[in-house]
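Residues per chain, in single letters:
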Amino acid sequence: MRIDLHTHSTASDGTDTPAELVRRAGAAGLDVIGLTDHDTTRGYAEAIAALPAGLTLVTGAELSCRIDGVGMHMLAYLFDAEEPALLAERELVRDDRVPRAKGMIAKLNELGVPVTWEQVARIAGDGSVGRPHIATALVELGVVPTVSDAFTRQWLADGGRAYVEKHESDPFEAIRLVKAAGGVTVFAHPAAVKRGRTVPESAIAAMAEAGLDGIEVDHMDHDPETRARLRGLAGDLGLLVTGSSDYHGSRKTVALGEFTTDPEIYGEITRRAAGAFPVPGAGGV
Ligand code: AMP
Ligand code: FE
Ligand code: FE
Ligand code: ZN
């Protein structure tokens, strides 16, 4: 069984449509794929309609959170997408992405970069707009060679010259809301140092106490020593350990299924979830 529980589509900052994503996952020989767009469930219907036979979809989202000024991402799986309190929180975060993107564009304009909201809106389409879309615009304008090169202090990195904060949830509130909606929570890439400051182990312990289910350990942003340390931490705190690609299509170099989750852990996630069931592929269009 090959299980990849963290991927993005054009519903947020991936470059494959949800239908393309699940077709590609099927072709890559995956058995289970988690669709975890940033702060939105908008990709579900299209992914389900296109789901190939032999591939199971785990519905999810990656929720933007912040603790003590440090940004972090909380993966949420198999929650009830209609549950009003969690839906309202997702909308609050997602809707604030638009004025925030406009703020970053204004800062870039002040820095002499002629990027426009029209350009970024075209790149984002109907996906929840984020820094990778602005980074793509900077590549188009020849300001940086690749999307990753835009994530520096010079441009869009946390605290960078053109960075603007967005509304982000308190992770304890996110855990509470996801649980109340029947879902399971996994702290995404908790030690991804290249993205900026990371959350201390004491805070992860407090989240575990508050009902966090797991941490993502096998991720391209963690080196082998970091993974070993996080495995130890998960063991100490009784947390599930996941691995996943965090695939973003052509906006990142990682391949679908490059990192995977153990089938037993996947089984435990599905047993804990009560808000939605994994969707087996019927061989969609
Ligand atoms: P936002 O949610 O708009 O703040 O943007 C965060 C997103 O930017 C993450 O989900 C990643 O997709 C992407 N990202 C963050 N850091 C980097 C990086 N160093 N290189 C490439 N993409 C990054
Ligand atoms: Fe992303
Ligand atoms: Fe993330
Ligand atoms: Zn992600």
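This section reports on the structure supplied with the text. Residue indices begin from 1 for each chain and proceed along its sequence in written order. Labels are handed out in written order, letters beginning with A for the chains and numbers beginning with 1 for the ligands. Given that the model is predicted, a residue must reach a pLDDT of at least 70 before its local features are reported, and side-chain atom pairs must reach 80 or more before they are shown or counted; all residues, however, enter totals for whole chains, interfaces and linings. The side-chain quantities take in all heavy atoms of the structure and omit both hydrogens and water.

1. Some words on the site of ligand 1
Any residue with a heavy atom lying within 4 Å of a molecule or strand is counted as near it. Surrounding ligand 1, one finds 15 residues, the nearest of these being His38, Arg97, Arg100, Arg131 and His248. Within the side chain of Arg100, an N or O atom sits 2.8 Å from an oxygen atom of ligand 1. Counted as a polar contact is a pair of N or O atoms within 3.5 Å, where, for protein atoms, one must be capable of donating a hydrogen and the other of accepting one, and residues adjacent in sequence contribute only when both atoms are in side chains. Between an oxygen atom of ligand 1 and a side-chain N or O atom of Lys166, the distance comes to 3.1 Å. For ligand 1, whose unbound accessible area comes to 500 Å², protein coverage reaches 94%. Helix and strand assignments come from DSSP, with helices taken as H or I runs of at least 4 residues and strands as E runs of at least 2, each series counted from the N terminus. Of all elements in the fold, only α3 (84–110) and α5 (131–140) reach the threshold of two or more residues within the shell around ligand 1. Any residue that is not Ala, Val, Leu, Ile, Met, Phe, Trp, Tyr, Cys, Pro, Asp, Glu, Lys or Arg is counted as polar, Gly included; the first ten are nonpolar and the last four charged. By residue class, the composition of the shell around ligand 1 is two nonpolar, five polar and eight charged. Mapping the shell around ligand 1 onto the domain boundaries places at least three of its residues in each of domain 1 (3–93 + 183–280) and domain 2 (97–150). Here the Shrake-Rupley method, with its probe set to 1.4 Å, supplies the accessible areas, and only the displayed protein chains count as covering residues. All the domain ranges listed were derived from an automatic or database domain assignment.

2. What about helix α6 (residues 171–180)?
Among all positions of α6, only Pro171, Ala174, Ile175, Leu177 and Val178 are buried. Between a side-chain oxygen at the N-terminus of α6 and the backbone nitrogen of Phe172 the separation is 3.0 Å; the capping residue is Asp170. Following α6 by one or two positions, Gly182 has its phi on the positive side, about 80°. Accessibility here uses a 1.4 Å probe with only protein chains present; expressed as a share of the type maximum, an area under 20% marks a residue as buried, one over 50% as exposed, and anything in between as partly exposed.

3. Overview of the coordination of the zinc ion (ligand 4)
As a rule, N, O and S atoms within 2.8 Å of a metal are its donors, except that Na, K and Ca use 3.2 Å; water is not among the atoms, so sites may look incomplete. Every protein donor of the zinc ion (ligand 4) is accounted for by His6 (NE2), His8 (NE2), Glu62 (OE) and Asp246 (OD), and the metal-donor separations fall at 2.1 to 2.2 Å. When four donors show all angles between 85 and 135 degrees the site is tetrahedral, when four or six donors have opposite pairs over 155 degrees and all other angles between 65 and 115 it is square planar or octahedral respectively, and in every other case it is irregular. Around the zinc ion (ligand 4) sit four donor atoms; with metal-centred angles ranging over 80 to 173°, the donor geometry is irregular. All donors of the zinc ion (ligand 4) belong to a single chain; written as a sequence motif, their spacing is H-x1-H-x53-E-x183-D. Between the zinc ion (ligand 4) and the iron ion (ligand 2) the interatomic distance amounts to 4.5 Å. Relative accessible area serves as the criterion here: at 0%, His6 is assigned to the buried category.

4. Let's talk about the pattern of salt bridges
Think of a salt bridge as a Lys or Arg side-chain nitrogen and an Asp or Glu carboxyl oxygen that are within 4 Å of each other. A full pass over the atoms with the stated rule returns 18 salt bridges. Ionic pairing is found between Asp213 and Arg272, a salt bridge with its closest N-O pair at 2.8 Å. On the criterion of sequence distance, the pair formed by Asp213 in the loop between α7 (201–209) and β6 (214–218) and Arg272 in helix α9 (residues 263–272) is long-range, its members being 59 residues apart. Take Arg272: its relative accessible area is 37%, and that puts it in the partly exposed class.

5. A word on unusual backbone geometry
A positive phi angle, close to 55°, is found at Leu78, a residue other than glycine. For Leu78, the position within the fold is in the loop between β4 (70–77) and α3. Not every positive phi belongs to a glycine, and His189 is a case in point at roughly 25°. Take His189: it is sitting in the loop between β5 (184–187) and α7. What makes His189 buried here is its relative accessible area of 7%.

6. Focus on the coordination of the iron ion (ligand 3)
At the metal site, the iron ion (ligand 3) is ligated by Glu62 (OE), His73 (ND1) and His189 (NE2), and these contacts range over 2.0 to 2.2 Å. All donors of the iron ion (ligand 3) come from a single chain, and their spacing in sequence reads E-x10-H-x115-H. If you look at the iron ion (ligand 3) and the iron ion (ligand 2), they sit 5.4 Å from each other. Linking Glu62 in strand β3 (residues 56–67) with His73 in strand β4, this pair joins segments that are 11 residues apart in sequence. A residue is classified by how much of its surface remains accessible, and Glu62, at 1% relative accessible area, is buried.

7. Focus on the packing of aromatic side chains
Here is the rule: rings of Phe, Tyr and Trp (six-membered ring for Trp) pair when centre to centre is within 6.5 Å. Planes less than 30 degrees apart are stacked, more than 60 are edge-to-face, and the remainder are tilted. All chains considered together, the criterion is met by zero aromatic pairs. In this scheme, the term charge over a ring applies when either NZ of a lysine or CZ of an arginine sits within 6 Å of the ring centre and within 35 degrees of the ring normal. Lying over the aromatic face of Trp117, Lys102 brings its terminal NZ or CZ to 5.0 Å of the ring centre. Looking at Arg161, its charged tip hangs above the ring of Trp155, at a distance of 4.8 Å from the centre.

8. A look at helix α8 (residues 224–237)
Note on helix geometry: an α-helix contains 3.6 residues per turn, so any two residues three or four positions apart are oriented the same way. A helix is expected to span 1.5 Å multiplied by its residue count minus one. Taking 1.5 Å of rise per residue, 14 residues should cover 20 Å, and α8 covers 20 Å from first to last C-alpha, within 8% of that figure. Contacts were defined at the residue level, with two residues in contact if any of their heavy atoms lie within 4.5 Å. Its buried side turned inward, α8 meets α7, β6 and β7 (240–243). Phi for Gly238, located one or two positions after α8, is positive at around 70°.

9. Topic: the pairing of β7
Across the two faces of β7 the burial is the same, with Leu240 and Thr242 and Val241 and Gly243 all buried. Sheet topology places β6 next to β7; four bridges connect them, and they run parallel. If you follow Glu216 over to β7, its bridge partner there is Thr242. After leaving β6, the chain enters α8 and then returns to the sheet as β7, a path that is right-handed. When DSSP finds at least two bridges between two strands, those strands are taken to pair. Look down the strands so they point away from you; if the path from the first strand over the helix to the second goes clockwise, the crossover is right-handed.

Scope: geometric values only; no functional claims are made or implied.
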